[in-house]
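One-letter residues, chain by chain:
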Amino acid sequence: MELSEIVRAAFEKAFPGEDFGFVRVLPATDSRFGDYQCNDALKLAKRFGMKPRDVAAKVAAALDGDSDATGGAFDKIEIAGPGFLNLTVSSAWLGARLAELAAQPNCGIPQKGAGKRIVIDYSSPNAAKQMHIGHIRSTVIGNAIDRLYRALGYTVIADNHLGDWGTQFGILIKGYRECLTEEERENLTVANLEKCYVLSAAKAKESDGAWKDACRAELVKLQQGDADNLALWKRFIDISIGEFERMYAKLGVRFDTYRGESYYNAMMPGVVERLVAAGLAVESEGALIVNLEAEKLGVAIVRKSDGGYNYTTSDLACVESRVGEYDPERIIYVTDDRQQLHFRQFFSIAAKMGFTTRLVHVPFGLMSYQGKAISTREGNLIRLDELLAEAKRRALEIVRERGGDETLAEQIGYGAVKYADLSHDPATAIDFNWDKALALEGNSGPYLQYAYARVCSLMEKAKDAAPESTEPPQPTIDGDQQPSQLSTPAERRLGLQLLEFPGAVERAAEAYKPSVLADYLFQTAQLYSSFYQSSPILKSEPKVRASRLRLCALFGEVLKAGLHLLGIETPNHI
Ligand code: ARG
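Quick caveat, the model's predicted, so the values are computed rather than measured.

Caption draft 1: Up close: empty space enclosed by the protein. Per the stated rule, a full pass over the model turns up two cavities of 30 Å³ or more. Roughly 50 Å³ of internal volume is contained in the largest cavity. If you go around the largest cavity, the residues you meet are Gln 130, Met 131, Glu 243, Phe 244, Met 247, Arg 383, Leu 384 and Asp 385. Of all the elements in the fold, those that place two or more residues in the lining of the largest cavity are helix H11 (227-251) and helix H15 (384-400). Residue contributions to the lining of the largest cavity peak at three residues, all from H11. Per-class residue counts for the lining of the largest cavity are four nonpolar, one polar and three charged. By volume, the second largest cavity amounts to about 30 Å³. What lines the second largest cavity is Tyr 447, Ala 451, Arg 454, Ala 525, Tyr 528 and Ser 529.

Caption draft 2: Spotlight on the layout of surface pockets. Each pocket or cavity is described by its volume, and for the second largest pocket that value is around 1,400 Å³. Lining the second largest pocket are 47 residues, and of these Pro 27, Tyr 36, Leu 496, Leu 499 and Glu 500 lie nearest its centre. Elements that contribute at least two residues to the lining of the second largest pocket include exactly helix H1 (3-14), strand E1 (26-27), strand E3 (74-80), helix H5 (91-103), helix H19 (489-499), helix H20 (501-511) and helix H21 (514-534). A breakdown of the residues in the lining of the second largest pocket according to their chemical character gives 18 nonpolar, eleven polar and 18 charged.

Caption draft 3: Quick peek at helix H14 (residues 340-352). Here H14 is 13 residues long and its end C-alpha atoms lie 18 Å apart, about the 18 Å a rise of 1.5 Å per residue gives. Contact partners of the buried residues in H14: helix H12 (268-277), strand E8 (287-291), strand E9 (299-303), helix H13 (311-326), strand E10 (330-336) and strand E11 (358-364). Residue Gly 354 follows H14 closely and has a positive phi angle near 100°.

Caption draft 4: Structural view of the packing of H12 against H13. Axis separation between H12 and H13 bottoms out at 9 Å; the angle between their running directions is 95°. One element, H12, and the other, H13, form an angle in the roughly perpendicular class. On the side of H12, the interface is formed by Met 268, Val 271, Val 272, Arg 274 and Leu 275, while H13 contributes Thr 313, Ser 314, Leu 316, Ala 317 and Glu 320. Split by residue class, the contact of H12 with H13 holds six nonpolar, two polar and two charged.

Conventions adopted
- Residues numbered from 1 in each chain as written.
- Predicted model: local features only at pLDDT ≥ 70, side-chain atom pairs only at ≥ 80, totals over all residues.
- Heavy atoms only, no water.
- 1 Å grid on protein atoms, 1.4 Å probe; cavity = no way out; pocket = protein on both sides within 12 Å on 5 of 7 lines; lining within 4 Å.
- Points joined across faces, edges and corners; volume = space filled by probe spheres on them.
- Helix = DSSP H or I, 4+ residues; strand = E, 2+ residues; numbered from the N terminus.
- Nonpolar A, V, L, I, M, F, W, Y, C, P; charged D, E, K, R; others polar.
- Expected span 1.5 Å × (residues − 1).
- Contact = heavy atoms within 4.5 Å.
- Axes fitted to C-alpha atoms, helices over the stretch in contact; angles between N-to-C directions.
- Parallel < 35°, antiparallel > 145°, perpendicular 65-115°, else oblique.

Now the structure itself:
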């Protein structure tokens, strides 16, 4: 039984006929006072006209006097301060709970999302441009949130809302026809597209206006559905997606759909019509606007004075389409925090239009590189494939000494890049630093991967040392064998921490902060390390040895499951 349920039952016994649904037991904030605490007696003092300590005393007595109901869960029940209940659990209870956790699939992550759908819109780069270092955060944070929700049982639709429409395509089409060589046109790459854009845009600026007009004319032809221009545009998009997918494959990221802005083109006039009909959009200087001044969100243009639609209109059409097609419980958008006003505006308009789906913007802060702001002008706009290649190269230097190969270098290098981002609250600005990202000590991806590999080698050693034993080589644990000999403070603390894994996953998902899980994993690895250093394992007497090995195995499973939720691989050997 859950601790909260046990304590709730004691409240009911002490004060019959009352509703105690709100009673919760939480991990102790200070392990000196116990393993868990319950602060709810304080809330009841008024209701019962009693001192909070007396309320707590009655509950403690009910807990103490009923070891059948508590299943011998407690070694110590104390009342502290104004009326806190401090609880120290028994080793038997802890061992049983750990065995339960080990027996559950997915390390006990609750399937809260079963039957519910979520759309998550992330990464979403602009087409015809190479991905650069600035795209890491949306891709990596978005993917971790995607994995967290899938793990909780949600059906997730990961949608890449590509920037695949707009004036740049007129410039690109003109540039493609006139600024590229025959060969470049034949072997078209995103790099070539980028090049012809730069050349064409420069000409549009310099010339007498004829080039600019020609670009504009190509755009109009495209918008009107000219077959040649549409085919070219389609080719640009396909090449872009192909290139993005090469990056995504390295990062372990995959999308269910690639619906760029263009997908919603045909729906935008209808959206605007509905906004006008509902009295939400009004004319202003030739444009159609929605006034959001009352909410201090300014004014959002939904149709420009030249008749064109914009980002807001396209996102409104997109909500309409997603709600209609998937009926999701929630739509999550992961973008940098400079887009906050855009999201607030269109969420507000969507609500006014009657959409009740929860719309969530997860804004992330800027990333700098080795202490310097990332900017095109500074020339430090590092391409994502260059960054990943460098990560691999640097990781190879580290793993070569240990006999590691290229695959291992990718696992470590890419893992380091991801963890360097995910270990920070998305809302904060971060600095990417190679030494920190790749450190084998400290809060880094390689440190956690290394901790996992060490557990694996411990399991190997355990097997070699006792060939007749059935101890599995992999960190897997047999459900009905529990770490029953939890005796030292360090192993108790590790055991208690492992029980918090499902909660950490839930909290990370609910807060849209993979960093909550990263923090949890780092703390767990630190507790493991203190346990490992203070409590002999292989040299202990057989019962203790077996129990400690099972605790190590469970740690390995939790660490592996947790890192996978962050998109980080866990090689067995480093
Ligand atoms: N393409 C946009 C950008 O590069 C991000 C799109 C985010 N998704 C959305 N539905 N607005 O900033």
